[in-house]
Amino acid sequence: MRRVRPSTLARSARLRWVVLAATTLLALGGWLAAAPTGASPDDDYHLTSIWCARGFDEGVCLPNPGGPPDRSTFVPFPVASMSCTAYDATVSAACQADALARDPRTLTLGIGGNVEGERAGLYYWVMHTFVSADFPRAFASIRIANLLTALAVVGATMAVAAPRLRRVVALTWLVGGLPLGYFLITSVNTSAWGLIGLGTAWANALTASRPGPTLRRASAGALALLGVTMALGARTEALAHLALAVPAVILLHRAGASRAAGRPDRSSRMRRSAAATAGVAGIAVIAFALLPTPSYLAALLGSIGDGVADVAERGFGDPWLAVLLEVPQLWAGGLGDRWGLGWLDTPMPSLTSVATVGSFAVLLGLGLQGADRRRGAAVAATLTGLFALPMFSLLAAGLVVGEQFQPRHYLPALFLLLGAATLSDRRSHGPALGVGARSALMIALAVANAAALHTTIRRYSAGLTQARVWDLDGSIEWWWPALPSPMTVWIVASLAYAVTAWLVLGLFAAQPTSRGAAARPTE
């Protein structure tokens with residue numbers, strides 16, 4: 001049997017990662033092009049908050065004395081009008097032309113503005129850097145910055161991680177991000193930073209806590225704090241997600257500890273304890289500095305007793321049971337089921353939701369085969385949090401599933417759930433996928449992505465009707481002037497995602513084994 005030189009294997013591995021980075025960029029670029037600025041939820045509020053992030057400024061943001069809280073600022077007309085497609089899927093993004101044609105000095109009442117600091121403001125403050133009178137360029141710059149930030153942070157997380165964790169991070173973003181995650185990280189929505197930060201912080205915390213080169217662990221620790229800062233600086237609910245992730249990360253750390261390592265000496269234990277204490281203290285300082293005022297948080301949480309009573313009075317029977325039975329709908333919504341993209345106005349085809357939910361469930365099951373009790377406990381803790389977090393937030397507000405809170409508020413926990421299920425431990429090396437399994441999963445995910453992307457492009461380029469149209473170039477009301485045709489973008493991005501899926505799933509390929517030996521995934 002011919003042996004392959006280690007140098008050849010190293011070059012092949014480097015080439016794989018270069019190709020993976022390129023195809024991921026093309027795939028996400030397709031999602032960025034698929035929708036206009038203003039298409040994601042509450043973008044009118046977020047754009048106004050970005051323009052007003054560094055105080056009042058003539059021609060950029062002015063106060064509205066005596067106005068209601070949601071109409072307390074004046075901003076340029078295009079900033080307040082980019083969400084003209086909201087709630088009506090038959091309306092294309094051509095409606096934005098009138099807003100962009102207005103005199104850039106024309107101001108109008110904006111929605112919100114975060115001028116009182118009612119929400120986390122770091123994201124708005126950073127994105128204010130791109131504010132200019134050239135509105136199309138400013139809007140595109142914000143979205144491109146989010147896309148590149150996602151690639152940089154996820155790429156850096158994978159670079160410092162050990163091989164078995166690296167492939168798990170890639171898998172969580174391949175499956176967990178489709179389709180809602182991709183839509184959000186290429187938008188101006190604050191959920192972009194929330195997902196980027198929370199979707200990587202858990203993995204970086206694991207890398208920092210495990211034995212390895214000092215530089216790797218220090219880099220991972222810095223990336224973990226960066227992720228926490230991004231998440232807390234953009235989303236208030238990030239604190240609850242971090243609380244959910246802590247027990248899971250501790251259990252995963254214990255599950256990955258080597259039996260051969262033995263009991264660490266006293267100095268090693270002290271160093272790890274000091275590092276953990278410093279990490280917790282860092283998170284506490286960041287949370288105190290970036291989160292809104294305690295009074296706002298108290299108002300947000302409300303009284304759970306009053307909320308439960310409100311739900312009961314509305315005729316839902318037992319409030320706890322009414323919410324509990326429907327919570328999984330919020331998880332599946334992140335994978336394209338029932339809940340639409342955009343302002344919940346762009347329904348995803350069943351082809352997408354069945355393939356994504358099915359792929360997620362299959363990988364969850366395969367990953368848990370042979371898992372030790374600590375990793376099983378980590379999955380159970382995350383799953384419990386996935387029930388508890390939406391139940392508490394809904395009932396505290398007197399709401400049921402389908403009201404106010406959306407799948408995007410809980411999507412980061414799906415990344416942690418899939419990561420915990422597929423990460424190797426002392427008893428299991430994670431899912432080992434044969435050629436048939438990899439091919440089936442790749443086809444399912446590629447078809448799901450292509451269908452979701454096609455629907456999204458058609459919705460904003462021409463509007464959705466009951467008539468299904470294959471050719472995206474046939475009737476175009478809106479499109480980016482500097483880009484190739486919608487059909488070309490769709491084909492290139494869909495093929496790029498298919499290649500990305502094959503490369504990522506290839507990281508879990510089972511090695512040929514002798515009779516009686518257990519198959520293990522390649523690394």
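For clarity, every value in this text was computed on a predicted model and none was experimentally measured.

**So, the pairing of strand E2 (residues 73–76)**
In regular strands, side chains alternate between the two faces of the sheet.
Here's step 1: Taken together, the 2 bridges between strand E1 (residues 62–63) and E2 define a ladder with antiparallel strand orientation. Pairing of Pro 63 across the sheet is with Thr 73, part of E2.

**Points about the confidence of the model for the protein chain**
Here's step 1: When pLDDT is averaged across the protein chain, the result is 88; 87% of the residues are at 70 or more.
Here's step 2: Considering only residues more than four positions removed or in separate chains, one finds that residues 258–262, a stretch of pLDDT under 50, has 2 contacts.
Here's step 3: Counting interchain partners and residues more than four positions distant, the pLDDT-below-50 stretch residues 514–518 has 1 contact.

**Side note on the sheet that holds E1**
Here's step 1: Spatially, the 3 strands line up as an open sheet ordered E1-E2-E3, and their pairing is antiparallel. The open sheet is flanked by E1 and strand E3 (107–110), the only strands paired with a single partner.

**Things to note about the side chain of Asp 44**
Here's step 1: If you trace the backbone, Asp 44 turns up in helix H2 (residues 43–51).
Here's step 2: At 6.9 Å, Arg 71 is the nearest oppositely charged side chain to Asp 44, a buried residue that forms no salt bridge.
Here's step 3: In this view, Asp 44 contacts Ala 80, Ser 83, Ile 111 and Trp 343; residues no more than four positions away in its chain are not counted.

**Quick notes on the state of the cysteines**
Here's step 1: Within the structure shown, the criterion is met by 2 disulfides.
Here's step 2: Paired by a disulfide, Cys 52 and Cys 61 hold their sulfur atoms 2.0 Å apart. Because the torsion about its S-S bond is 95°, the bridge between Cys 52 and Cys 61 counts as right-handed. For the pair formed by Cys 52 and Cys 61, the shared burial category is buried.
Here's step 3: Here Cys 84 connects covalently by a disulfide to Cys 95, the sulfurs 1.9 Å from one another. Measuring the twist about the S-S bond at about 80°, one finds the Cys 84-Cys 95 disulfide to be right-handed. Of the two residues, Cys 84 is situated in the loop between helix H3 (77–81) and helix H4 (96–100) and Cys 95 in the loop between H3 and H4; the sequence distance between them amounts to 11 residues.
Here's step 4: Residue class for Cys 84 comes out partly exposed when judged on its relative accessible area of 30%.

**Section: a nonpolar patch on the surface**
Here's step 1: Taken together, the side chains of Leu 15, Val 18, Val 19 and Val 499 make up a nonpolar region of the molecular surface, amounting to roughly 320 Å² of accessible area.
Here's step 2: Counting residues per element, the nonpolar patch draws most heavily on helix H1 (residues 6–34), at 3 residues.
Here's step 3: For Val 19, the location among the structural elements is in helix H1.

**Describing the environment of Ala 243**
Here's step 1: Along the polypeptide, Ala 243 turns up in helix H11 (residues 238–256).
Here's step 2: Overall, the relative accessible area of 53% leaves Ala 243 in the exposed class.
Here's step 3: Sequence-wise, Ala 243 and Gly 385 are 142 residues apart; in three dimensions their C-alpha atoms are separated by 9.2 Å.

**Thoughts on the packing of aromatic side chains**
Here the distance between the centres and the angle between the planes together describe a pair of aromatic rings.
Here's step 1: Counted under the stated rule, the structure contains 12 aromatic pairs.
Here's step 2: Taking the centre distance of 6.1 Å and the plane angle of 65° together, the rings of Tyr 182 and Tyr 497 count as edge-to-face. Here Tyr 497 lies in helix H21 (residues 486–506) and Tyr 182 lies in helix H8 (residues 180–185), a separation of 315 residues in the sequence.
Here's step 3: In this structure Tyr 497 comes out as buried when scored by relative accessible area, which is 2%.
Here's step 4: The rings of Trp 51, Phe 135 and Phe 139 are connected pair by pair, giving a single aromatic cluster.
Here's step 5: Taking NZ or CZ as reference, Arg 102 lies 3.9 Å from the ring centre of Phe 77, over its face.
Here's step 6: Over the face of the ring belonging to Phe 508 we find Arg 167, whose NZ or CZ atom lies 5.2 Å from the ring centre.

**Topic: the pattern of salt bridges**
Once their charged atoms are close, side chains differing in charge can pair, the charge on each being opposite to the other.
Here's step 1: With the rule as written, the count across this model stands at 6 salt bridges.
Here's step 2: Between Arg 338 and Asp 337 there is a salt bridge, and its shortest N-O distance comes to 4.0 Å.
Here's step 3: Asp 345 serves as the salt-bridge partner of Arg 459, at 3.1 Å between the closest nitrogen and oxygen. Of this pair, Arg 459 sits in helix H20 (residues 435–461) while Asp 345 sits in the loop between helix H16 (328–334) and helix H17 (350–368), placing them 114 residues apart in sequence. This pair shows no difference in class: Arg 459 is buried, exactly as Asp 345 is.

**Comments concerning the nonpolar core**
Here's step 1: Grouped together as the largest cluster of nonpolar side chains are 127 residues, with contacts concentrated most on Trp 51, Tyr 123, Leu 171 and Leu 174.
Here's step 2: The element contributing the most residues to this core is H21, with 11 residues.
Here's step 3: Discounting residues that sit within four places of it in the chain, Leu 174 has contacts with Tyr 182, Leu 445, Tyr 497, Thr 500, Ala 501, Val 504 and Leu 505.
Here's step 4: By size, the runner-up hydrophobic cluster in this structure holds 8 residues, among which are Ala 201, Leu 232, Leu 242 and Leu 290.

Definitions and cut-offs
- Residues numbered from 1 in each chain as written.
- Predicted model: local features only at pLDDT ≥ 70, side-chain atom pairs only at ≥ 80, totals over all residues.
- Heavy atoms only, no water.
- Pairing = 2+ DSSP bridges.
- Helix = DSSP H or I, 4+ residues; strand = E, 2+ residues; numbered from the N terminus.
- pLDDT = per-residue confidence, 0-100.
- Contact = heavy atoms within 4.5 Å.
- Buried < 20%, exposed > 50% of the residue type's maximum accessible area, 1.4 Å probe, protein only.
- Lys, Arg positive; Asp, Glu negative; His and termini not counted.
- Salt bridge = Lys/Arg side-chain N within 4 Å of Asp/Glu carboxyl O.
- Disulfide = S-S within 2.5 Å.
- Patch = residues over 30% accessible without salt bridge, like charges linked within 9 Å, V, L, I, M, F, W, Y side chains within 5 Å.
- Areas by Shrake-Rupley, 256 points an atom, 1.4 Å probe, with all protein chains shown as cover.
- Phe/Tyr/Trp six-rings, centres within 6.5 Å; stacked < 30°, edge-to-face > 60°.
- Lys NZ or Arg CZ within 6 Å of the ring centre and 35° of its normal.
- Core = buried A, V, L, I, M, F, W, Y, C linked by side-chain atoms within 4.5 Å.

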